[in-house]
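What the coordinates show
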Amino acid sequence: MAETSRREFLKDAALASAAITTSTIEGTFGSALAQPPASNPAISTASQKVALSWLGEKAPRLHTGVSFGVPWSRGAVARNSVFHLSAEGKDLPIQTWPLAYWPDSSIKWSGFATVLPAGLASPVALSTGSPGVSGALNVKRGDTFVTVDTGALQCSIPLAGGTNFVNSMTVEGRTIVGAGQLVCILQNGPDGDADDVRPREKFVSLVKKVTVEQSGPVRGVVKFEGIHKGLKSGREWLPFHVRLYFYTGEKTVRMVHTIFFDGDQEKDFIHGLGVTFAVPMREEIQNRHVRFSGEGDGLWSEPIQPLIGRGGPARVVTGADGKDVYPAQLAGHRVPNRAQMDRRGLNMVNDWAVWNDFRLVQLSPNGFTVQKRTNPQSTWLASAAGKRASGLAFVGDVSGGLGVIIKNFWQSFPAQLEVQNASSPAAQLTAWMWSPEASPMDLRHYDTRAHGLEAAYEDIQQGNSTPFGIARTSELTLWPTGSVPEKTDTAAMAEAGRTTPMLVASPQHYHDVRAFGLWSMRDTSTPFKAAIENGLDATLNLYVGQVDQRNWYGFWNYGDVVHSFDRARHVWRYDLGGMAWDNSELATDSWLWYSFLRTGRADIFRMAEAMTRHTGEVDSYHFGPMAGLGTRHGVSHWGDGAKEARIGQAAFRRFYYYLSTDERTGDVMREALQAEKSIVAFDPMRLADPPRAGDEKFVARVRSGPDWLAIAGNWMTEWERTGDTRWRDKIVAGMKSMEAMPHGFRTGRNMLMGFDPATGKLTARDETRGTYNLATIMGGAELMFELNLSIDDPAWKKVWADFCADSGASISAGKLQAYAYSVTKDATLAQSAIASLRANRHLGGHAAPPDVLAPMDDGTDTNGSSQDSLNAIAVLEFCADALPTAAPAGG
């Protein structure tokens with residue numbers, strides 16, 4: 001980016017994004033909490049029952065609070081319904097809230113919260129019709145504090161204006177956790193030569209707004225909005241949102257942490273990014289402990305002063321029974337205070353080293369180290385090393401302490417866990433999402449010049465290769481304890497924190513209630529279906545394996561996949577323009593989520609979850625002039641010049657939001673609404689089809705697909721979440737506009753139309769019968785399959801069915817023709833759709849040294865993988881009555 005263009009962009013962006021911490025979206029588009037639709041007396045009162053189970057085969061080893069979403073058929077559940085939850089014959093606490101409504105005001109998705117006992121393996125029964133058990137969680141808001149009381153934990157939260165987002169956490173009457181703050185270390189510029197030391201400054205959180213989003217009785221949610229402020233300069237930058245989640249009867253607190261980059265990528269290099277807590281230490285040195293989790297159930301666990309010396313019976317500390325207390329100390333149990341020691345024991349304690357600082361550093365996905373030191377004037381001592389730490393740190397004494405775990409710790413390297421001042425009255429426990437031991441965060445583009453569409457499939461545009469406005473979300477779990485936990489419990493804490501426990505319904509339930517539209521269940525009942533399903537499985541399994549084989553990890557990368565594969569080099573084209581990071585191209589997100597829905601596979605859910613976190617935050621803009629848009633695929637996630645609504649669209653995020661109830665994902669979907677404004681300045685066809693005479697009368701220009709489809713998906717999401725029919729009316733206005741056009745959905749060259757964001761109306765630019773290869777392959781087809789279930793407009797449905805029937809030989813033709821067949825029952829459409837299915841994507845190929853570093857499978861192309869899979873999932877549903885039974889020949 002040229003220096004003058006970069007300065008102009010940052011100036012404009014700063015003006016456009018000044019209010020990110022003060023609910024920008026609500027101010028622009030109206031209240032986020034619009035009144036739900038009025039209750040409809042025609043809605044069924046029949047009892048609804050759903051069996052729920054853990055995501056994955058293993059139940060959590062500790063009792064745990066969980067939040068989850070459940071979908072319902074249209075007209076089945078009234079918005080004032082009550083729910084009951086039970087397992088193993090016992091009633092469970094339950095809290096519920098609506099996530100989405102059908103047009104008749106019945107509930108489309110419900111959110112639930114409960115607390116489940118450890119080891120629960122039985123199905124959990126959810127039903128309507130009788131009230132469930134309440135919880136005891138209580139949230140009180142005073143003049144200066146919010147107090148959350150779960151019964152097992154009391155948390156004091158200061159209101160806006162200070163640096164702390166937590167003042168204290170109390171367990172069993174003792175203050176276990178003190179002040180909690182966010183911290184950022186900012187470096188001015190990249191690392192230079194040895195004689196070019198760049199200045200650094202520490203920034204801490206400044207909370208500007210505190211909102212109690214839920215106040216029990218089972219779950220409490222508190223949201224913090226603020227910014228990081230320099231301790232020396234006073235500069236305010238790097239806005240943040242943080243949410244804390246509390247559950248009745250639980251000491252555990254879940255934390256969701258989001259930063260928004262609003263700096264200058266040429267100057268602002270983050271050297272460290274984390275959250276830090278003061279942990280009061282009440283007990284003597286020998287009763288204080290530090291732990292880190294490694295791989296699996298592995299733990300690094302040491303007292304800060306091990307009671308062991310040279311050895312021999314004369315050189316041990318003994319208890320009142322005369323036995324060596326060292327084994328008890330290593331287990332985390334209380335050992336004698338100094339006043340209880342004899343002179344010999346006291347002399348040894350006085351002479352043994354006290355370790356004050358500890359850290360676990362993960363600088364790559366395949367290596368971590370553990371170090372400790374006695375004081376800042378002395379060296380760090382290497383203590384242990386391993387491959388992939390699960391990300392938990394604990395510091396405390398036998399009267400209590402704090403454990404913190406960063407979810408996806410090693411996957412999001414460089415990360416670090418640090419304990420400081422463990423020998424002082426208050427230790428400091430810091431979870432670093434970006435390790436200060438790593439090179440500073442470099443968000444510059446990968447080159448200083450563009451490489452072109454013809455040469456590198458790259459679309460660099462002046463001033464657009466910027467991370468200004470992107471975000472990154474991390475998840476943590478806080479474990480205040482009343483003692484040093486048993487080692488087995490510490491390992492269980494680490495396990496629960498690295499994969500958030502989830503309850504899910506069966507694929508059959510999701511299918512039957514038409515969750516996320518129309519798609520097929522996995523079915524191998526005939527040779528033909530089995531062949532197609534085996535092909536789908538093989539493609540999924542390849543990508544699951546490639547994440548690890550190719551190390552698709554890192555703070556800014558984890559969750560994404562790569563676009564194209566180089567078979568000669570045996571590498572994905574990570575370094576070739578638009579062939580690199582995928583950035584949701586051709587609806588990769590939707591492919592993974594529909595694959596989970598139809599199979600229930602936990603590994604696919606976790607992969608899709610990581611992708612949603614990544615593509616929704618990193619590949620999309622949340623404020624500034626490009627808010628609501630996202631960046632086309634490329635070497636750097638924000639580098640390509642094409643900024644479009646199709647990448648930032650809410651449709652890709654709905655799956656995770658409704659299945660998990662995750663509020664941050666809800667924010668992301670609402671932020672996507674800004675696309676209708678941003679598209680005015682960032683015309684998606686400004687280079688491919690520049691404005692011509694007459695276009696000046698349009699507020700904006702969009703293609704019917706993918707642009708209008710993406711924006712309509714944003715509106716649909718907001719309509720179903722709030723019941724506010726303004727959003728529906730804007731969708732209908734676009735439909736009516738196309739109904740009146742000479743070629744319906746495909747009217748105009750490149751299917752490009754005039755667009756009025758205020759009304760949703762579209763205007764034909766010309767009467768050309770247009771085509772556009774990307775029209776429905778960016779999630780638009782799947783969106784419209786679902787949207788047509790909610791908007792009953794026969795004229796529009798004919799326009800859409802006609803388009804689908806006449807989809808030619810495009811990459812998405814199979815599912816479109818299959819949909820048209822389901823409407824018309826034209827057998828030729830079914831035959832064409834079925835012929836598009838591929839039982840074998842010609843996967844295979846394996847590389848071995850010396851051609852590569854280590855043995856690994858060859859890749860394929862992500863565009864084809866995603867669209868072939870989505871085609872098959874649709875065709876198997878829409879053409880179910882026309883499928884052959886014999887296995888396809890060849891594939």
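For the structure, check the block above.
Here goes a summary of the coordinates provided. Here, residues in each chain are numbered from 1, in the same order as that chain's written sequence. Confidence filtering applies because this is a predicted model: local features only for residues at pLDDT of at least 70, side-chain atom pairs given and counted only at 80 or more, and all residues used for totals across whole chains, interfaces and linings. Side-chain metrics rest on all non-hydrogen atoms present in the structure, leaving aside hydrogens and water.

**Overview of the pairing of strand S8 (residues 138-141)**
Going by this rule: For two strands to count as paired, DSSP must find a minimum of two bridges between them. Under the scheme used here, helices are H or I runs from DSSP no shorter than 4 residues and strands are E runs no shorter than 2 residues, and both carry numbers assigned from the N terminus.
In this structure, S8 lies alongside strand S9 (residues 145-149), joined through 4 bridges in antiparallel fashion. Its bridge partner being in S9, asparagine 138 is matched across the sheet by aspartate 149. Taking the residues between adjacent antiparallel strands as the criterion, S8 and S9 are bridged by 3 residues.

**Quick word on the packing of helix H19 (residues 813-824) against helix H21 (residues 862-878)**
Between two packed helices, what matters for the description is the angle formed by their axes and the separation of those axes. Counted only if it meets this: Helix axes are fitted to C-alpha atoms over the stretch in contact, other axes to C-alpha atoms as well, and angles between N-to-C directions run from 0 to 180 degrees. Working definition: roughly parallel below 35 degrees, roughly antiparallel above 145 degrees, roughly perpendicular at 65 to 115 degrees, and oblique for all remaining angles. For any pair of crossing helices, the crossing counts as left-handed if the nearer helix is rotated counterclockwise from the farther one by less than a right angle, and right-handed if it is rotated clockwise. Contacts are residue-level and defined by heavy atoms, with any inter-residue pair within 4.5 Å sufficient.
The contact between H19 and H21 brings their axes to 8 Å, and the two run at 15°. With respect to H21, the axis of H19 lies roughly parallel. Handedness of the crossing formed by H19 with H21: left-handed. In this structure, H19 uses Gly814, Lys815, Ala818, Tyr819, Tyr821 and Ser822 to contact H21, whose residues at the interface are Gln867, Leu870, Asn871, Ala874, Val875 and Phe878.

**Things to note about unusual backbone geometry**
One can expect most non-glycine residues to show negative phi and most peptide bonds to be in trans. Threshold: Each residue's exposure class comes from its accessible area (1.4 Å probe, protein chains only) as a fraction of the maximum for that residue type: buried when under 20%, exposed when over 50%, partly exposed otherwise.
Look at the link from phenylalanine 413 to proline 414: it is a cis peptide, with omega at 0°. For proline 414, the location among the structural elements is in the loop between strand S25 (400-406) and strand S26 (415-420). For the peptide bond that leads from glycine 705 to proline 706, omega is 5°, which places it in the cis range. In this structure, proline 706 sits in helix H15 (residues 704-722). Positive phi outside glycine occurs at asparagine 408, with the angle close to 55°. Residue placement: asparagine 408 occurs in the loop between S25 and S26. The backbone of asparagine 421 sits at a positive phi, close to 60°, despite the residue not being glycine. Note that asparagine 421 resides in the loop between S26 and strand S27 (426-434). In this structure asparagine 421 comes out as partly exposed when scored by relative accessible area, which is 37%.

**Quick notes on the sheet that holds strand S36 (residues 762-764)**
With respect to topology, 3 strands assemble into an open sheet ordered S34-S35-S36, the strand pairing being antiparallel. Whereas interior strands pair on both sides, the edge strands pair on one side only; in this sheet they are strand S34 (700-703) and S36. The average undirected angle you get between the axes of adjacent strands in this sheet is 45°. H15 rests against S34, strand S35 (752-755) and S36 of the sheet, and its axis sits at about 100° to S34.

**Regarding the pattern of salt bridges**
Oppositely charged side chains may form a pair once their charged atoms are brought near each other. Selection criterion: Whenever a carboxyl oxygen of Asp or Glu lies within 4 Å of a side-chain nitrogen of Lys or Arg, that contact is scored as a salt bridge.
On inspection of all chains with the given rule, the structure shows 63 salt bridges. Taking the shortest distance from any N to any O, the salt bridge between arginine 243 and glutamate 213 comes out at 2.7 Å. Remark: glutamate 213 occurs in strand S14 (residues 200-215) and arginine 243 occurs in strand S16 (residues 236-247); sequence separation between them is 30 residues. Judged by its relative accessible area of 4%, arginine 243 falls in the buried class. A relative accessible area of 31% places glutamate 213 in the partly exposed class. When the shortest N-O distance is used, the salt bridge between aspartate 724 and arginine 726 registers 2.8 Å. The class for arginine 726 is partly exposed, based on a relative accessible area of 45%. The network of salt bridges with shared partners includes Glu213, Lys223, Arg243, Glu617, Arg664, Asp667 and Glu671.

**So, the environment of valine 361**
Among the secondary structure elements, valine 361 is positioned in strand S21 (residues 357-364). Between the alpha carbons of valine 361 and threonine 725 there is a distance of 51 Å; along the sequence they are 364 residues apart.

**Digging into the environment of alanine 610**
Checked against the element boundaries, alanine 610 lands in helix H10 (residues 602-617). In the structure, alanine 610 is positioned 51 residues away from glycine 559 in sequence and 4.4 Å away in space, judged by C-alpha atoms. Contact partners of alanine 610, with chain neighbours within four places excluded, come to Tyr558 and Gly559.

**Digging into empty space enclosed by the protein**
The following threshold applies: Only protein atoms enter the calculation, which uses a 1 Å grid: trapped sets of points that fit a 1.4 Å probe without letting it out are cavities, open sets showing protein on both sides within 12 Å along at least five of seven lines are pockets, and any residue with an atom within 4 Å of a point is a lining residue. Grid points are joined across faces, edges and corners, and a volume is the space filled by probe spheres set on the points. Put simply, Ala, Val, Leu, Ile, Met, Phe, Trp, Tyr, Cys and Pro go in the nonpolar bin, Asp, Glu, Lys and Arg in the charged bin, and everything else, Gly too, in the polar bin.
A full pass over the atoms with the stated rule returns 10 cavities of 30 Å³ or more. Lining the largest cavity we find 28 residues, and of these Gly65, Tyr247, Arg254, Thr500 and Pro501 sit closest to its centre. Among the secondary structure elements, those contributing two or more residues to the lining of the largest cavity are strand S2 (64-71), S16, strand S17 (253-260), strand S28 (471-481), helix H6 (487-498) and helix H12 (654-660). Here the residues of the lining of the largest cavity are counted per class, giving 10 nonpolar, 10 polar and 8 charged. Taken together, 19 residues form the lining of the second largest cavity, with Asn408, Ser412, Arg472, Thr473 and Ser474 sitting closest to its centre. Listed by contribution, the elements that provide at least two residues to the lining of the second largest cavity are S28 and H10. Tallied by class, the residues present in the lining of the second largest cavity amount to 8 nonpolar, 5 polar and 6 charged.

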